[in-house]
Amino acid sequence: STRVLEMGWDFPSQRDAKFLGVDDTQKVLRSRRLRLVDGKPTMLETNSYSAALSFLEHESLDDSLMVVLDRQGIKMGPNTRTLEVCYASELEAAYLNVELDSSLSRFSSPVRCTAPSD
């Protein structure tokens, strides 16, 4: 299951600004969701979206993001997933119910979306 923890407008990281093609002074929509398996927290997911996907602010993201985008005719492009080891921050430790600085896996998956063609 999925639980939305945060949804709002914030300034992008330099990496997000570059990927989304926005100035780092231009706010982007950011969501943070907690993914659970059998009721146990297993993943903390943070996504940043350009203003072109601002409709997501008013959508329920308690289910699949892919389903929400598909309903709008938006398709996900190819992506490359990067896996790295990181250590739990205070925020991650609290949500994932692990000790501070516990080893975690971090997946980065920058994905471009394409709007439906007219």
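Structure first, text after, so check above.
Calculation notes
- Residues numbered from 1 in each chain as written.
- Predicted model: local features only at pLDDT ≥ 70, side-chain atom pairs only at ≥ 80, totals over all residues.
- Heavy atoms only, no water.
- Pairing = 2+ DSSP bridges.
- Helix = DSSP H or I, 4+ residues; strand = E, 2+ residues; numbered from the N terminus.
- Axes fitted to C-alpha atoms, helices over the stretch in contact; angles between N-to-C directions.
- 1 Å grid on protein atoms, 1.4 Å probe; cavity = no way out; pocket = protein on both sides within 12 Å on 5 of 7 lines; lining within 4 Å.
- Points joined across faces, edges and corners; volume = space filled by probe spheres on them.
- Nonpolar A, V, L, I, M, F, W, Y, C, P; charged D, E, K, R; others polar.

Undergrad: Help me understand the sheet that holds strand S1 (residues 2-10), please; the structure alone is not making it clear to me.
TA: Sheet strands associate in pairs through backbone hydrogen bonding, adopting either a parallel or an antiparallel arrangement. Spatial ordering of the open sheet is given by S1-S2-S3, a layout of three strands whose pairing is antiparallel. Among the strands making up the open sheet, the edge pair consists of S1 and strand S3 (40-49). Strand after strand, the sheet turns through a mean of 15° between neighbouring axes, direction not considered. Strand direction decides the pairing type here: S1 and strand S2 (residues 28-37), joined by eight bridges, are antiparallel. Across the sheet, residue Val 4 finds its bridge partner in S2, namely Arg 33.

Undergrad: Just checking my understanding: could you explain the layout of surface pockets for this structure?
TA: Empty pockets left among the atoms are what a rolling probe the size of a water molecule brings to light. Space inside the largest pocket adds up to approximately 1,600 Å³. Around the largest pocket, the lining comprises 45 residues; the ones closest to its centre are Glu 45, Thr 46, Asn 47, Phe 107 and Ser 109. Every element with two or more residues in the lining of the largest pocket is listed here: helix H1 (14-20), S2, S3, helix H2 (65-71), strand S4 (75-79), helix H3 (90-96), strand S6 (103-108) and strand S7 (111-114). A per-element tally of the lining of the largest pocket places S3 first, with eight residues. In terms of residue class, the lining of the largest pocket is built from 21 nonpolar, 13 polar and 11 charged.

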